[in-house]
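One letter stands for each residue in the lines below.
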Amino acid sequence: MRTAETDELREFYRVHQPRLVGVISLLTGSRAEAEDIVQEAFVRLVPRWQKVSRYDAPEAWLRLVAVRLSANRHRDGNRLTHLFRRLHADPVPDPADGYAGDLERALAELPMPTRQVIVLHYVCDLSVAQVADTLGIAEGTVKSRLSRARDTLSASLLLRSDDHA
Amino acid sequence: MPDLQEDLRALADRRAGESTGDFDSVLTTADTRRRRRTAGLAVVGAAVVVAAVAVVPALRPAQTQPPVAASPVPTNAVAPPRVSVQPSERPVQKAGPLVLTSAKAVAPGGQFVASFPDRKIRGVIYSLASAAKPDVPLYTLLAEVPGDSTTPTSWKVTTSEAGIGVPAYTSAGPHTLAVPKGLAAGSYQVCTLSGPRLCGLLTVK
């Protein structure tokens, strides 16, 4: 990789790495895991940078890779959790997190496909059609998942607000 | 649902603000993987070459198989490799290339002419054997040598050849030869005994 390309990529990393960690942490529920995933996505980007940098939105390519990696890890993690169910402990909520902590926990309770839809739509600002295209699913599926997620999150957050009160 | 959207974005921004990243480690990891991949490909390539070398002889079709071109239907069979024939100690005897003219059927004592298609220079000595037993020479023939009135001549192979002088005359032909007197009627094979071996069939009446 030439020096100019390395500098371009370094700048791209500086701008997009934190944002992507923020998005992926909503999927994984863990910032550390999100950082690992984003780092892996950037490692995969390096040999393809010459090509991907010419895309209209190189960050979309990176985001898709990271979203898929997080889904893969979630699936593998579920297998491990199933295997070591007895060793698995529920995360202890931090009361200092308040509403943000509640939201994060409510999000973590959603199935991964639903989480992907809600994060891409609300956080990454993708339209229903774009979400469908990104995840390779039908628009109707995106809409139904969004609807279910809104209901679940509203109910969950409402219950927790009562708890806090 | 604007509140949920704002809350989610705020949460993402908060996590983004906490994030730490190391671009140099990204480059280092990518470079390490590239080297590992290159080394892996080299190993795989070497393994493929070794496997191909080991497998190719097994793919050679049996000599009895018809050639691919003669097959009535297209086939993906491997084309038979070219077989190089190593020269044996004794050249393979071939009947035909020696062109015997002037007489296709010659009476004993009669003459015939031998010419070489390859136009190579040869001595004037030939062998004559029965066509049925070409490996058992019956006569040695000496072609006509210019200026030597005793030629063409011949002698039986069973005769002791000690003391029989063979002229050192050589030419690219044609050579005039004589059929031995008393030779029984039949087919005979005449072969050169000098230079690349050529043979031709002679009918004696």
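The preceding data block contains the structure.
Residues numbered from 1 in each chain as written. Chains lettered and ligands numbered in written order. Predicted model: local features only at pLDDT ≥ 70, side-chain atom pairs only at ≥ 80, totals over all residues. Heavy atoms only, no water.

1. With respect to the side chain of R15 of chain B
Thought 1: When you line up the elements, R15 of chain B lands in helix α1 (residues 2-18).
Thought 2: Within polar-contact distance, the side chain of R15 of chain B engages the side chain of E104 of chain A at 2.5 Å.
Thought 3: If sequence neighbours within four positions are ignored, R15 of chain B has contacts with V21, G22, S25, R31 and E104 of chain A. (Helix = DSSP H or I, 4+ residues; strand = E, 2+ residues; numbered from the N terminus. Polar contact = N/O pair within 3.5 Å; in protein donor to acceptor, adjacent residues only side chain to side chain. Contact = heavy atoms within 4.5 Å.)

2. Some details on the pairing of strand β9 (residues 175-178) of chain B
Residue and element names in this part refer to chain B.
Thought 1: Of the two faces of β9, the one lined by H175 and L177 and the one lined by T176 and A178 are each fully buried.
Thought 2: When strand β3 (residues 111-115) meets β9, the two strands line up antiparallel, connected through 4 bridges. Counted as the bridge partner of Q111 is A178 from β9. (Buried < 20%, exposed > 50% of the residue type's maximum accessible area, 1.4 Å probe, protein only. Pairing = 2+ DSSP bridges.)

3. Points about the pattern of salt bridges
Thought 1: One pass over the structure, following the stated rule, counts 13 salt bridges over all chains.
Thought 2: Where R15 of chain B meets E104 of chain A, a salt bridge forms, and the shortest distance between an N and an O atom there is 2.5 Å. Here E104 of chain A lies in helix α5 (residues 98-108) and R15 of chain B lies in helix α1, a pairing that spans two chains.
Thought 3: In this structure, D31 of chain B engages R34 of chain B in a salt bridge whose closest nitrogen and oxygen atoms are separated by 2.8 Å. Of this pair, D31 of chain B and R34 of chain B both sit in helix α2 (residues 23-59), 3 residues apart, roughly one helical turn.
Thought 4: Note on D31 of chain B: relative accessible area 26%, which makes it partly exposed.
Thought 5: Put simply, R31, E35 and E104 of chain A together with R14, R15 and E18 of chain B are held in one network by salt bridges that share partners. (Salt bridge = Lys/Arg side-chain N within 4 Å of Asp/Glu carboxyl O.)

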